[in-house]
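Spelled out from the first residue to the last, the chains are:
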Amino acid sequence: MKTAPSSGSSIPVVASSVGVAPVLGLALWIPLYLGLPSFSRLATYGWLGLQPGTHLSGAVEFFAYESPKVLMLLVLIVFAMGILRSFFSPDRVRQLLAGKRQGAGHVLAALLGVVTPFCSCSAVPLFIGFVTAGVPLGITFSFLISAPMVNEVALVMLFGMLGWKVAAVYMATGLAVAMVSGVVIGLLRMEGHVEPWVYKALAVEGVEEKRLTWPERIQAGREAVRDIVGKVWPYVLAGTLVGAGIHGYVPENSMAALMGGSAWWSVPSAVLMGVPMYSNAAGMIPVVQALLSKGAALGTALAFMMSVTALSFPHC
């Protein structure tokens, strides 16, 4: 006598149906992304009828190409990061860092800061949670500095738009700053300067977390796209507009005198200029790309970007 396989066979069907949309989306994303250069030329010289070689046509072509390119990369990256972040909750991060030795702890804290969804405005509650959970102060700061400074979206977008060398310099610089800062704070033994009420605060007991299914993780990716891209797209368009103006109207190598590697004061000046500003990392990528094309040094441009996104004086 044969038994009906209804309950057993329904699980693969549900799982496969949930996975169809991301696969179809990626299949549509690839040809659209590859067709952006042709689209930007068509929009600039065909639809708008601009003459090649002018400042305006150069700026318009830059904007018509870079703005959809950045937004498409942003959607893809945020979706992937949303799935990845579903594996790391604040409780999970605290458990991973608690009890770690100084050397390995600083490295792990800085690396976890890259893939976790915490910005500079989350520093106070995270600081309290980490300290009350027994995470050393220096390791706590390595994480808190790395999380907003080394933005995973910016990292992947730099890789896709400017190459692996630029992305590697950005990541290595951010991780080095986070780890060195944490080590210094640990060596200074500044636990005595922490307010007593912080240590008296009770750490939230870790409630047993529900193990998410893959459909739930995919849904987390979709929610991340809706939440993050829905908020940052104006910054992306504004940053691309600024980059288009630089690309079209600023003469070649004109930024070398202000942000070139030969001027010793270029990096400190770039950092100080970025402190009063605020933009997210995705909005700064087109600006960095335009600055580099006009003669700015790589280190100076990245220092400017990191000061705008990480120090975020007006943001908090």
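Structural data are supplied above this passage.
Quantities reported herein were computed from a predicted structural model and do not represent experimental measurements. (Residues numbered from 1 in each chain as written. Predicted model: local features only at pLDDT ≥ 70, side-chain atom pairs only at ≥ 80, totals over all residues. Heavy atoms only, no water.)

**As for helix α13 (residues 266–274)**
Consideration 1: Of all the positions in α13, only Ser266, Ala270 and Gly274 are classed as buried. Relative to the axis of α13, the buried residues are bounded by an arc of 65 degrees and lie together on one face. (Buried < 20%, exposed > 50% of the residue type's maximum accessible area, 1.4 Å probe, protein only. Helix = DSSP H or I, 4+ residues; strand = E, 2+ residues; numbered from the N terminus. Arc of directions from axis to C-beta.)

**Overview of the packing of aromatic side chains**
Consideration 1: Using the criterion set out here, one finds three aromatic pairs in the structure.
Consideration 2: Ring plane angle 10 degrees and centroid distance 4.7 Å describe the contact between tryptophan 29 and tyrosine 33, whose orientation is recorded as stacked. Here the residue tryptophan 29 and the residue tyrosine 33 both occupy positions in helix α1 (residues 6–34), the gap between them amounting to four residues, near one helical turn.
Consideration 3: Ring geometry for phenylalanine 87 against tryptophan 214: centres 6.1 Å apart, planes inclined by 65 degrees, an arrangement best described as edge-to-face. One end of the pair, phenylalanine 87, is in the loop between α3 (55–85) and α4 (90–97); the other, tryptophan 214, is in helix α11 (residues 214–249), and 127 residues separate them in sequence.
Consideration 4: Looking at arginine 217, its charged tip hangs above the ring of phenylalanine 87, at a distance of 3.8 Å from the centre. (Phe/Tyr/Trp six-rings, centres within 6.5 Å; stacked < 30°, edge-to-face > 60°. Lys NZ or Arg CZ within 6 Å of the ring centre and 35° of its normal.)

**Side note on the packing of α3 against helix α8 (residues 152–162)**
Consideration 1: One way to put it is that α3 packs onto α8 with a least axis distance of 9 Å and a crossing angle of 135 degrees. With respect to each other, α3 and α8 are oriented oblique. The hand of the α3/α8 crossing is right-handed. Of α8, the residues touching α3 (which contributes Glu66, Lys69, Val70, Leu73, Leu74, Ile77, Val78, Met81 and Arg85) are Glu152, Val153, Val156, Met157 and Met161.
Consideration 2: The residue makeup of the contact of α3 with α8, split by class, is 10 nonpolar, no polar and four charged. (Axes fitted to C-alpha atoms, helices over the stretch in contact; angles between N-to-C directions. Parallel < 35°, antiparallel > 145°, perpendicular 65-115°, else oblique. Left-handed = near helix turned anticlockwise from the far one by under 90°. Contact = heavy atoms within 4.5 Å. Nonpolar A, V, L, I, M, F, W, Y, C, P; charged D, E, K, R; others polar.)

**Considering the packing of helix α7 (residues 137–149) against helix α9 (residues 164–187)**
Consideration 1: Orientation of α7 relative to α9, taken along the N-to-C sense of each, is 155 degrees, at an axis distance of 7 Å. By the angle between their axes, α7 is roughly antiparallel relative to α9. In this structure, α7 meets α9 at a crossing whose hand is right-handed. Contact residues: Leu137, Gly138, Phe141, Ser142, Ile145, Ser146 and Met149 in α7; Tyr170, Gly174, Leu175, Val177, Ala178, Met179, Ser181, Gly182, Ile185 and Gly186 in α9.
Consideration 2: Split into classes, the residues belonging to the contact of α7 with α9 amount to 10 nonpolar, seven polar and no charged.

**Section: unusual backbone geometry**
Consideration 1: We note that arginine 189 has phi near 50 degrees; this positive angle belongs to a residue other than glycine.
Consideration 2: Looking at the element boundaries, arginine 189 is found in the loop between α9 and α10 (196–200).

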